[in-house]
Amino acid sequence: MVLGAQPSILWVWFYWNIINGFSVSFFILFPFSFIFAVIILIFSSALISKFFLSIANFIHPPKEGIFKRDVKDKDYCYWSLRAVIKKWPFWLARQLSIPFIETVLLRLFGVKIGKNCALHEGWVDTEFVEIGNNVKLGQGSLILSSLIVQDKLILKKTTLKNDVIISMHSVVFPGTNIKSNTILDALS
């Protein structure tokens, strides 16, 4: 978090020095400067997270399977580490509610997303997920590739083909393969 915040801190310092403190132009331009600083914060945090994620993936690459939820299981520990690394930039991106930024972050972290997808208001896991073209996610829907059930961690590839609609508050579990031109009804 601290490393990702440095570029936006530098931007605020630069903005303060250019405008020379509390002038009328400072207050007029401040909202634009603030939004720009938040966007810088999101993308710099994402790049720092991607760097640490690539180190974690180099040490122990992610793989599909069913793993014991135990600190002695390397797959479980590294899955937890990858989840923590990716949490901060995605939380920041969701605060702005700009779907384009979240889609860019999902692609940066390895999710294969087709064209003309509306993924806003839904939650998509960030590994082992493939989404085709023209996919629409409803409000509160979940696309999961990982799931913890009792003492097991399930990691399976989840695929949504072209022209799929996942209605609001629906959940797609790990290992699901949804064919083209499919509509998953609300609360499914």
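Residues numbered from 1 in each chain as written. Predicted model: local features only at pLDDT ≥ 70, side-chain atom pairs only at ≥ 80, totals over all residues. Heavy atoms only, no water.

1. What to know about the pattern of salt bridges
- Summed over all chains, the structure comprises seven salt bridges.
- Here Glu127 ties to Lys86 by a salt bridge, and the two come within 3.6 Å at their closest N and O atoms. You can see Glu127 sitting in the loop between strand S3 (123-124) and strand S4 (129-131) and its partner Lys86 sitting in helix H3 (residues 74-96), a full 41 residues away along the chain.
- Looking at Lys86, the relative accessible area reads 6%, which means it is buried.
- The structure contains a network of salt bridges with shared partners spanning Arg82, Lys86 and Glu127. (Salt bridge = Lys/Arg side-chain N within 4 Å of Asp/Glu carboxyl O. Helix = DSSP H or I, 4+ residues; strand = E, 2+ residues; numbered from the N terminus. Buried < 20%, exposed > 50% of the residue type's maximum accessible area, 1.4 Å probe, protein only.)

2. Considering the packing of helix H2 (residues 24-59) against helix H4 (residues 99-108)
- For the pair H2 and H4, interaxial distance at closest approach is 11 Å and the crossing angle is 10°. Judged by the angle between their axes, H2 and H4 are roughly parallel. Between H2, through Ile39, Ile42, Phe43, Ala46 and Lys50, and H4, the contact on the second element is made entirely by Ile101, Val104, Leu105 and Leu108.
- Here the contact of H2 with H4 is built from residues that sort into eight nonpolar, no polar and one charged. (Axes fitted to C-alpha atoms, helices over the stretch in contact; angles between N-to-C directions. Parallel < 35°, antiparallel > 145°, perpendicular 65-115°, else oblique. Contact = heavy atoms within 4.5 Å. Nonpolar A, V, L, I, M, F, W, Y, C, P; charged D, E, K, R; others polar.)

3. With respect to a nonpolar patch on the surface
- On the surface, Leu3, Phe51, Phe52, Ile55, Phe58 and Ile59 cluster together to form a nonpolar patch covering roughly 660 Å² of accessible area.
- In terms of residues, the nonpolar patch owes the most to one element, H2, which gives five residues.
- Its place among the elements puts Phe51 in helix H2. (Patch = residues over 30% accessible without salt bridge, like charges linked within 9 Å, V, L, I, M, F, W, Y side chains within 5 Å. Areas by Shrake-Rupley, 256 points an atom, 1.4 Å probe, with all protein chains shown as cover.)

4. Here's the deal with the environment of Val129
- With respect to the helices and strands, Val129 occurs in strand S4.
- Through-space distance from the C-alpha of Val129 to that of Thr176 is 9.9 Å; in sequence the pair is 47 residues apart.
- When sequence neighbours within four positions are dropped, the list of residues in contact with Val129 reads Val111, Lys112, Val124, Ile143, Ser145 and Thr158.

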